[in-house]
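The lines below spell out each chain.
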Amino acid sequence: MWPPTLTLDLLLLVSLSLSAHGEQMSYRPQNCTLECIRRGHPRCEYCRISADDVQISPSIPSSSLFGSCVPWPCHSFLGQETPEVCQHYVHAPRNIQIEFEAREEPTYDAITVSWNPSQYGIEFLRGFQVTLQALGGSQILCQLFLLGTNLSLTPANAQRVYRSDPFTHLSLDSEYAVTVMALPVPERWDKFYQKKQFFTRTCPEKNGLEECKKDWYPRYVEVHQVNQDVYVTFNLAPENFKVRQYFLSCFGGGLRNYTSIKPDFSLNKTYHTYRLQNLQVGTNYNCEIAADVVDAVRKTFIVVVKHTSEESRTSDFTESSSLMLLLSVGILLAATALLTFIVVYKKRLKMKTVQTKIRPEIIEQYYDQKLDEGQCVLLDRTTRPPRLLICYSSNDGPAHVRVVLQLAAFFQKHMSTQVHLDLWEALSIMEEGSMGWHCRRLNECDFVLVICSQGLLQNQKQQSEDEEPLENTALAMVSMIGEELCRAKAMGRDLSKYMVATFEYSQESDIPVALGLASRYTLTKDLPLLFSHLHAVALQKPGVYLQVENISESGYCKLSAGAALQLAIQEATAQLTEELTEEDHVGIPIIS
């Protein structure tokens, strides 16, 4: 028999483990109303609240920049009858987890967020707000969950797992940021939320390799000719796709050439180079390359087989061989006389002048090895991307703000740049303040890009006329950057950190005088130059022309993010043009 004390200890241990297991159970949202929570009904323990149930405080308009995803004040939904509920501080949730949902939509993903409440201030906890934002886009989704008013949690309940409703229609292989806030939101904006970034699943991860093989195609294709041989270099599919064979089809001169390609993966697992055969010189070929999979997407490109200089010399020699035989003696005598004259002339010139020698290292410094025109720039993904802060003025309206947002998304996705934009960091701005956040990013970032527009210049004019400015943050940033430029110029420091840019609907006169020393760019025409500035990559060298894939005035719109940027610019141009036309009509007197 066990001693009585040991038996009691075992019973206590079992009871504690059972209670701990009960506290770790998962809580899913219930269908209940805000009125049910206020009355403290027992079945309203953890409820989802719709936007119709919540009346936004007048201090936060529903048409604000971040819409309904601004943290709602506690008094707007709980503090009307019991104001003391909203006077306490609750710490941020912890252990945020992302769980992917099994959905039948092949082109979208879905997730559920789970978390544990913090034990600090848990007795005053009233609920949670979950926000999901697409990084590199404008998609923002919010969910609000409230606890019953008669529910009082203890620190032992900190092991509970709360879950959100599913977030659906998320783009595959995209980066998102989820934020879980504890309610009530305190007046002191510190440690009240937890943030986590994640990537949605790729097509193979969600749907399986067999369903996604046909959607993959070689995005990088380079054609180069060496003498009479034409070579095609293309990128291979990821290893997990298990694509072992490709096909290449070229049509030209009335004939179609179909070739099956089996790369040697022991030599290279990312790229493969193949030599095209049976091509006619001087003929243009339309070619297609794809994975050897049923209904695979094909990459099209053009091959032009040019005449080489070696062929030209051989042909010329054949045609003039008989003439050279007849005139060989005369040419030999003329060459001998010319050689004698050159030798005598050089000896006399050497006596009058001093020969200047150029060191080989100077030649190598300015004339690198010649590369083929059109070679693509491949960035090293192991290095940290440059950090870029984008500053702008919202005085030009929402159309201009959408252009800035799409530009930031294009930079982040296709120009290997880590972008910091106030539209993406709303909670940090609420915690630090707008000026505090901008000052911190100004010191941390490697580059600062100011988007100049008529609204930004209008802000400065209003300040000069002692009127109330429309936007203090943009005006203060322009002043700070202008002072830093002048200080750096006076001390002989590098000025490349600061840049200004205008779009086609703006003018160069919209650039403030204080930013006159910054590098200037016109978008989207100068996208390659801006890429060169950010990554210190020379686009032109002696005998070299480097081309960045899909980053040009005509090529950027082929990408989805580039097409969205182009559409935003067109809409902003149309809107601003319409506003100027209306102002002109208002200013015209009516003669009866």
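What counts, and at which threshold
- Residues numbered from 1 in each chain as written.
- Predicted model: local features only at pLDDT ≥ 70, side-chain atom pairs only at ≥ 80, totals over all residues.
- Heavy atoms only, no water.
- Disulfide = S-S within 2.5 Å.
- Helix = DSSP H or I, 4+ residues; strand = E, 2+ residues; numbered from the N terminus.
- Salt bridge = Lys/Arg side-chain N within 4 Å of Asp/Glu carboxyl O.
- Buried < 20%, exposed > 50% of the residue type's maximum accessible area, 1.4 Å probe, protein only.
- Contact = heavy atoms within 4.5 Å.
- Phe/Tyr/Trp six-rings, centres within 6.5 Å; stacked < 30°, edge-to-face > 60°.
- Lys NZ or Arg CZ within 6 Å of the ring centre and 35° of its normal.
- Pairing = 2+ DSSP bridges.
- Axes fitted to C-alpha atoms, helices over the stretch in contact; angles between N-to-C directions.

### Here's the deal with the state of the cysteines
Within this structure, the stated rule accounts for three disulfides. The disulfide that involves Cys32 links it to Cys47, with 1.7 Å between the sulfurs. One quick way to see it: the torsion about the S-S bond of Cys32 and Cys47 is about -130°, and its sign makes the bridge left-handed. Here the residue Cys32 occupies a position in the loop between strand S2 (30-31) and helix H2 (34-39), and Cys47 occupies one in strand S3 (residues 46-49), the gap between them amounting to 15 residues.

### A few points about the pattern of salt bridges
Taken as a whole, this structure holds 15 salt bridges when the rule is applied. A salt bridge links Glu99 to Arg163, with the shortest nitrogen-to-oxygen separation between them at 2.8 Å. Of the two residues, Glu99 sits in strand S4 (residues 94-100) while Arg163 sits in strand S8 (residues 161-163), which places them 64 residues apart along the sequence. Given a relative accessible area of 12%, Arg163 falls into the buried group. One salt bridge connects Arg441 with Glu444, and the closest N-O pair in it is separated by 2.9 Å. With a gap of three residues between them, Arg441 and Glu444 both fall in helix H11 (residues 434-444), about one helical turn apart. Among the residues examined, Arg441 registers a relative accessible area of 12% and is labelled buried. Glu444 sits in the partly exposed class, given a relative accessible area of 32%. Residues joined in a network through salt bridges with shared partners are Glu425, Glu432, Arg440, Arg441 and Glu444.

### Description of the environment of Arg256
For Arg256, the location among the structural elements is in strand S15 (residues 255-261). What makes Arg256 exposed here is its relative accessible area of 54%. Spatially, the C-alpha atom of Arg256 lies 9.4 Å from that of Asn286, the residues being 30 residues apart in sequence. Residue contacts for Arg256: discarding those within four places in its chain leaves Ser249, Cys250 and Phe251.

### Comments concerning the packing of aromatic side chains
Here the structure, examined in full by the defined rule, presents 11 aromatic pairs. Taken together, a centroid distance of 5.7 Å and an interplanar angle of 20° make the contact between Phe247 and Tyr258 stacked. Of the two residues, Phe247 sits in strand S14 (residues 246-252) while Tyr258 sits in strand S15, which places them 11 residues apart along the sequence. A residue is classified by how much of its surface remains accessible, and Tyr258, at 52% relative accessible area, is exposed. Arg244 extends its terminal NZ or CZ atom over the ring of Phe265, reaching a point 4.8 Å from the ring centre.

### Focus: the sheet that holds strand S23 (residues 498-502)
Read across the sheet, five strands follow the order S21-S20-S22-S23-S24 without closing on themselves; strand pairing throughout is parallel. A single partner strand is all that each edge strand has here, and the edge strands are strand S21 (418-420) and strand S24 (519-522). Along the sheet, successive strands turn relative to each other by an average axial angle of 25°, direction set aside. By the bridge criterion, three bridges tie strand S20 (residues 387-391) to S21 in an arrangement that is parallel. Bridging from a neighbouring strand, Arg387 pairs with Gln418 of S21. In the packing of H11 onto the sheet, contacts are made with S20, S21, strand S22 (447-451) and S23, and the angle to S20 comes to roughly 140°.

### Quick look at the environment of Asp215
Mapping Asp215 onto the fold places it in the loop between helix H4 (209-212) and strand S12 (221-226). The exposure class assigned to Asp215 is partly exposed, which follows from its relative accessible area of 45%. Separated by 78 residues in sequence, Asp215 and Val293 place their C-alpha atoms 9.9 Å apart. The residues contacting Asp215, other than those within four sequence positions of it, are Cys203 and Val297.

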